[in-house]
Amino acid sequence: MSKIIAIANQKGGVGKTTTCVNLCCALKMKGKKVLILDCDPQGNSTSGMGVNKYSTPGTYELIAKKADIYDCIRKTPYGDVIPSNKDLSGATVALVLAEKREYVLKDALQLIYNDYDYIFIDCPPSLELLTLNALVAADSIIIPMQCEYYALEGITDLMTTIKLCNKRLNPGLNIQGIVLTMYDARTNLTQQVAFELKEYFGGKVYDTVIPRSVRLSEAPSHGKPGVAYDKIGKGSRAYMKLADEFLKQERRK
């Protein structure tokens, strides 16, 4: 049986897509069956996995046109992908008009629930209907966070959304973990933000931190996740370590 994990943070530029792509690929390397459902109209997870974001059908057709989910899946060496592009922006209109609009994605994923060990949903950097659909479909959520002041402000809004989702739509949704990205241990602000997060969230904050890495940033232009593009780079090693910590956490449950 699969586990569906939303990777979400309404603040952009925090390493959300980088975390989605590299954690997925790292788990694939460790023998797990994985899928990314790209729910962001920017389609960065799609291109980061080496898939043409304009290939159809994809997430837009799945949500707005009830396309067969098996037709939407693209196979890659790094994990399977349901692609996204700017057309997905129009899916919000379709969702507004849909019956049980918060459950469209959850219902669509039921057909493949047993086909994968982990299904990751890369959410858009906003708290709207696409993100809400992802949170309703998900069993848990991973929150990538950059160690800066505005990130602390942003997580408050996300926590409010999660609590509302727990109360009204998905009582089983829980925080899988919080991963600190673009980590620079030399700065006092990084240390302070990390301390405050661990004070509040305790063991939900992963021990593994993701450092700033030029090689991780270069990888999408080559159509590969960083862990496949440069296996020995510090960023890649960090994501492989994060995958180990993730699996160890899963075994304890």
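Above: the structure in question.
For the structure given in this document, a descriptive report is provided here.

The rules behind each value
- Residues numbered from 1 in each chain as written.
- Predicted model: local features only at pLDDT ≥ 70, side-chain atom pairs only at ≥ 80, totals over all residues.
- Heavy atoms only, no water.
- Core = buried A, V, L, I, M, F, W, Y, C linked by side-chain atoms within 4.5 Å.
- Buried < 20%, exposed > 50% of the residue type's maximum accessible area, 1.4 Å probe, protein only.
- Helix = DSSP H or I, 4+ residues; strand = E, 2+ residues; numbered from the N terminus.
- Contact = heavy atoms within 4.5 Å.
- Phe/Tyr/Trp six-rings, centres within 6.5 Å; stacked < 30°, edge-to-face > 60°.
- Pairing = 2+ DSSP bridges.
- Expected span 1.5 Å × (residues − 1).
- Patch = residues over 30% accessible without salt bridge, like charges linked within 9 Å, V, L, I, M, F, W, Y side chains within 5 Å.
- Areas by Shrake-Rupley, 256 points an atom, 1.4 Å probe, with all protein chains shown as cover.
- Salt bridge = Lys/Arg side-chain N within 4 Å of Asp/Glu carboxyl O.

### Side note on the nonpolar core
So, point 1. L105, L109, I121, I143, M145 and L197 are the most contacted members of the largest nonpolar core, which totals 53 residues.
So, point 2. Here this core gets seven residues from one element, more than from any other, and that element is helix α8 (residues 149-168).
So, point 3. Dropping the residues within four chain positions of it, I121 is found in contact with I4, I5, A6, I7, L37, C39, L105, L109, A134 and A137.
So, point 4. Ranked by size, the runner-up nonpolar core spans 30 residues in total, among them C20, A26, V81 and F246.

### With respect to the packing of aromatic side chains
Each pair of aromatic rings is reported with the distance of its centres and the angle of its planes.
So, point 1. Within this structure, the stated rule accounts for four aromatic pairs.
So, point 2. Ring geometry for Y118 versus F120: centroids 6.4 Å apart, planes at 35°, classification tilted.
So, point 3. Note on Y118: relative accessible area 9%, which makes it buried.
So, point 4. A ring pair is formed by Y200 and F201, whose centres lie 4.7 Å apart and whose planes are at 80°; its orientation type is edge-to-face.
So, point 5. On the accessibility criterion, Y200 (59% relative accessible area) is exposed.
So, point 6. The class for F201 is buried, based on a relative accessible area of 14%.

### Side note on the pairing of strand β2 (residues 34-38)
Across a regular strand the side chains alternate sides, sitting on one face of the sheet and then on the other.
So, point 1. When you tally the buried positions in β2, you get five out of five residues, the bulk of the element.
So, point 2. Along β2, one buried face is formed by V34, I36 and D38 and the opposite face, lined by L35 and L37, is buried too.
So, point 3. Two strands pair when backbone bridges link them, and β2 and strand β4 (residues 118-122) are joined in this way by five bridges, in the parallel orientation. The residue bridging V34 from the neighbouring strand is Y118, located in β4.
So, point 4. Pairing of β2 with strand β3 (residues 80-82), which is carried by three bridges, proceeds in the parallel orientation. When the sheet's bridge partners are listed, I36 is paired in β3 with V81.

### So, helix α1 (residues 16-29)
So, point 1. With 14 residues, α1 should cover 20 Å at 1.5 Å per step; its first-to-last C-alpha distance of 20 Å lies within 8% of that length.
So, point 2. Along α1, the residues that are buried comprise K16, T17, T19, C20, V21, N22, L23, C24, C25, A26 and L27.
So, point 3. Of the residues trailing α1, G31 is marked for its positive phi of about 90°.

### Some details on a nonpolar patch on the surface
So, point 1. Among the surface-exposed residues, V93, V96 and L97 lie close enough to one another that they form a single nonpolar patch of about 310 Å² accessible area.
So, point 2. Locating L97 in the fold gives a position in helix α5 (residues 91-97).
So, point 3. Taking the relative accessible area as the measure of exposure, L97 reaches 71% and is therefore exposed.

### Quick notes on the pairing of strand β1 (residues 3-7)
So, point 1. Burial of β1 is extensive: five of the five residues sit out of reach of the surface.
So, point 2. Every second residue of β1 is oriented toward a common face, with K3, I5 and I7 on one face and I4 and A6 on the other, all of them buried.
So, point 3. Pairing of β1 with β4, which is carried by five bridges, proceeds in the parallel orientation. Among the inter-strand pairings, I7 is bridged to a residue of β4, identified as D122.
So, point 4. Where β1 lies against strand β5 (residues 140-146), three bridges are found, and the strand directions are parallel. Looking at β5, one finds that I7 is bridged to I142.

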